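Listed here are the chains, written in short residue letters.
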Amino acid sequence: QLQLVESGGGLVQPGGSLTLSCIASGSTLDNYTIGWFRQAPGKEREGVSCVSSRDDYTYYSDSVKGRFTISRDNAKNTVYLQMNSLKPEDTAIYYCNTVDGRQGGGPWGQGTQVTVSS
């Protein structure tokens, strides 16, 4: 069974940058569309970005468009989320998952915490 583990979160100041990694085990990523989701306290989990299995399609939510970049390296079984110009509103736990429609297609992992504050 495909298992995804997120890493790379941390505490950054507004305007700073972080790169998140989503590393797969149990299977390979090259047949999956992979998405990044986030959940802030008191809010529903929301999709922020995804990249198709063939790396020919990407999606970004309006709130992160122009600031975040999703990429994948199937040879390394890894999907990345480069986050620039971070805002306090980006503070959340970030998760990766396969994408089924607009929702996660598999179980949710532990995620990685991103905190943006001064």
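Residues numbered from 1 in each chain as written. Predicted model: local features only at pLDDT ≥ 70, side-chain atom pairs only at ≥ 80, totals over all residues. Heavy atoms only, no water.

(A) View of the pairing of strand β11 (residues 112–116). Because side chains alternate across β11, one face comprises the buried residues T112, V114 and V116, and the other comprises Q113 and T115, none of which is buried. Pairing of strand β2 (residues 10–12) with β11 involves three bridges; the strand directions are parallel. Within the sheet, the bridge partner assigned to L11 lies in β11 and is T115. (Buried < 20%, exposed > 50% of the residue type's maximum accessible area, 1.4 Å probe, protein only. Helix = DSSP H or I, 4+ residues; strand = E, 2+ residues; numbered from the N terminus. Pairing = 2+ DSSP bridges.)

(B) Region of interest: the packing of aromatic side chains. Overall, the coordinates contain two aromatic pairs when judged by the stated rule. Seen in terms of ring centroids, F37 and W108 are 5.0 Å apart; in terms of plane orientation they differ by 85°. Their pairing is edge-to-face. On the criterion of sequence distance, the pair formed by F37 in strand β4 (residues 34–39) and W108 in the loop between β10 (103–104) and β11 is long-range, its members being 71 residues apart. For W108, a relative accessible area of 33% gives the class partly exposed. Arranged with centres 5.8 Å apart and planes meeting at 75°, the rings of Y95 and W108 form a pair that is edge-to-face. Separated by 13 residues along the polypeptide, Y95 in strand β9 (residues 92–100) and W108 in the loop between β10 and β11 bring together distant segments of the chain. A connected cluster of aromatic rings, assembled from ring pairs, spans F37, Y95 and W108. (Phe/Tyr/Trp six-rings, centres within 6.5 Å; stacked < 30°, edge-to-face > 60°.)

(C) Looking closely at the pairing of β4. Among the six residues that make up β4, five are buried, leaving the element largely enclosed by the rest of the structure. Here β4 pairs with strand β5 (residues 46–51) via five bridges, running antiparallel. Each bridged residue has a counterpart across the sheet, and for W36 the counterpart in β5 is S49. Following β4, the chain reverses through six residues before pairing antiparallel with β5; G42 in that reversal takes a positive phi of roughly 80°. Pairing geometry for β4 and β9, over six bridges, is antiparallel. Opposite G35, over in β9, you have N97 as the bridge partner.

(D) Local environment of the environment of T115. By the element assignment, T115 lies in strand β11. Here T115 falls in the partly exposed class, since its relative accessible area comes to 25%. For the pair T115 and V12, spaced 103 residues apart in sequence, the C-alpha to C-alpha distance is 6.3 Å. Ignoring any residue separated from it by four or fewer positions in sequence, one finds T115 in contact with G10, L11, V12 and T91. (Contact = heavy atoms within 4.5 Å.)

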